[in-house]
Amino acid sequence: MRVLFVLPPSKFALKEAAGITALPLGLAYLASVLEREGHKVKVLDCPTLEYDLKDLEREIKGFRPQVMGITSTTSTIYDAYKVARLTKEINPKAVVVIGGPHVSFTAEQTLRECPFIDVVVRGEGETTTEELITCLEEGQPLEEVRGISFRKDEKVVETENRPFIENLDELPFPAYHLLPMDRYKVGRHHFANIITSRGCPFSCIFCSSSQLCGKRWRARSPENVIEELKVLKYEYNISEVEFLDDTFTLNSPRAEKICDLMMRENLNLSWSASSRVNTLTQRLANKMRKAGCHTIYLGIESGSQKILDLIQKGTNLVQAERAVEILKGAKINVLGSFIIGIPGETIKSIKKTIKFAKKLNLNFAQFSICTPYPGTKLFDIAREKGFLLTRDWSKYTILDPVMKTPGILSKELKRWLLKAYLSFYLRPKFLLEQVKRRDLFFFRKALKAGLNYIRG
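Residues numbered from 1 in each chain as written. Predicted model: local features only at pLDDT ≥ 70, side-chain atom pairs only at ≥ 80, totals over all residues. Heavy atoms only, no water.

Asker: Whenever I open this one, the sheet that holds strand S9 (residues 189-194) confuses me. Can you help?
Answerer: Sheet architecture is open: seven strands sit in the order S8-S9-S12-S13-S14-S15-S16, paired in mixed fashion. Edge strands, defined here as strands with exactly one partner in the open sheet, are strand S8 (185-186) and strand S16 (364-369). For S8 and S9, the ladder comprises two bridges, and the chain directions are antiparallel. Each bridged residue has a counterpart across the sheet, and for lysine 185 the counterpart in S9 is histidine 190. Packed onto the sheet, helix H10 (residues 222-236) meets S9 and strand S12 (240-243) and runs at close to 155° relative to S9. (Pairing = 2+ DSSP bridges. Helix = DSSP H or I, 4+ residues; strand = E, 2+ residues; numbered from the N terminus. Contact = heavy atoms within 4.5 Å. Axes fitted to C-alpha atoms, helices over the stretch in contact; angles between N-to-C directions.)

Asker: How do you make sense of the nonpolar core when you look at a structure like this?
Answerer: Generally speaking, soluble globular proteins have nonpolar side chains that are buried together. Of all hydrophobic cores here, the largest spans 87 residues; its most connected members are Leu229, Phe243, Met262, Trp271, Met288 and Leu298. With near-sequence residues (within four places) excluded, leucine 229 lies in contact with Ile194, Val241, Phe243, Met262, Leu267 and Leu269. Within the second largest apolar cluster, 43 residues are counted, among which are Leu4, Leu56, Ile70 and Ile311. (Core = buried A, V, L, I, M, F, W, Y, C linked by side-chain atoms within 4.5 Å. Buried < 20%, exposed > 50% of the residue type's maximum accessible area, 1.4 Å probe, protein only.)

Asker: How do you make sense of empty space enclosed by the protein when you look at a structure like this?
Answerer: Vacant regions in the atomic arrangement are exposed by a probe of water-molecule size rolled over the atoms. In the structure shown here, the tally under the stated rule is one cavity of 30 Å³ or more. As a volume, the largest cavity reaches approximately 50 Å³. Tyr29, Leu168, Leu171, Ile195, Thr196, Ser197, Arg198 and Arg220 are the residues that line the largest cavity. Of the residues that constitute the lining of the largest cavity, the class distribution is four nonpolar, two polar and two charged. (1 Å grid on protein atoms, 1.4 Å probe; cavity = no way out; pocket = protein on both sides within 12 Å on 5 of 7 lines; lining within 4 Å. Points joined across faces, edges and corners; volume = space filled by probe spheres on them. Nonpolar A, V, L, I, M, F, W, Y, C, P; charged D, E, K, R; others polar.)

Asker: Explanation requested: the sheet that holds strand S2 (residues 40-45) in the structure shown.
Answerer: Sheet strands pair by backbone hydrogen bonding; their relative direction is either parallel or antiparallel. What the seven strands build is an open sheet, ordered S2-S1-S3-S4-S5-S6-S7; its pairing is mixed. Each edge of the open sheet carries a strand with a single partner, namely S2 and strand S7 (155-158). With direction set aside, neighbouring strand axes in the sheet form an average angle of 20°. Both strand S1 (residues 2-7) and S2 contribute to a ladder of six bridges, which runs parallel. In the sheet register, leucine 7 faces S2, and the bridge partner there is aspartate 45. Sheet contacts for helix H4 (residues 53-63): S1, S2 and strand S3 (67-71); angle to S2, the most-contacted strand, approximately 175°.

Okay, structure coming up:
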């Protein structure tokens, strides 16, 4: 079958905000699985290609897909609906399928909101999509496919959930040859994302990862990871890599072995990853630095222990300070992430968070407004307590308040978000460090994104 996968054109894209592009790995994995089965597949990363709906219309008419596969986050779901509608206008017989984190938890609502979508794929999509395409090709009933939702006789049918993929090494590498690899860059460096594990054993109330990919952590073998890195380096000239795992350092021996193999193979890649403050050791940090790691993203979240306990983070402030010390000791940059506006938050605790961010002497900081995404415990809490201010999904951007924070007005929360950024990035000490390093790339991008936000 002819299958077209699309990351929709969107009014908000990371490339526009900060000059950084990311690969649609989910679509690339689906494409590789279908190609292995002999299907004709195409992938369109519209934001990276700078395509609008007119460009997409041209591509649809040229490729004539029998199945249109769309992915979407919560904030871009309406863009996905536009793609679904366009597809049906061009070919009413085309089957429109959508997947991604948002629709995995709002399948029935998605099908009712958008009559142009035929099937929702819930959760991990590789095996489900493979079976769905085979089912469509052979004319078999959709009820036989686990992990999907669809309409039948004006009712929404949800099949049983599909078990998670046990051996991730069995998956083919993403179909990089179907992506515009020359366009993915950070500064002048050719850039790629890679994911080496799935699942999260932690229970942060603002995150849906443990629900989407399971609480049991599943990891690819270090050898399998290295083979993919070699493909990226030698076939696509990639020099900068970001590991997208929720916690790259969850299993220290495995993380160390990946580093050892990177050094043994002389890959000479520059890379970054995400970690938790309670999963780092000096030994691991030193090895990561030797293997090319330059930045670690830490979800620190708050400078108030009370708030950390409220969001069930499972960490403390001392661990955060120690993690930063470890990474600094290894000469690895630290990007700390913080959330403000959590129910139970006060102006005092917000001030604590900003103060703590500056005290840690981070290289970079990201501040966001607490956003209750579908699939999270926080969304359930906000819905039950009547905290949701809107279900206009386009506003779920982490920059706009969509949930009440008792005791803090929404407009006040936005002011504190701006204060947090200005307070952190306009410190003389921070600016001087950037000048000394002769590296103002991320600062310029952060400033540009901030100015765009202020301008609306």
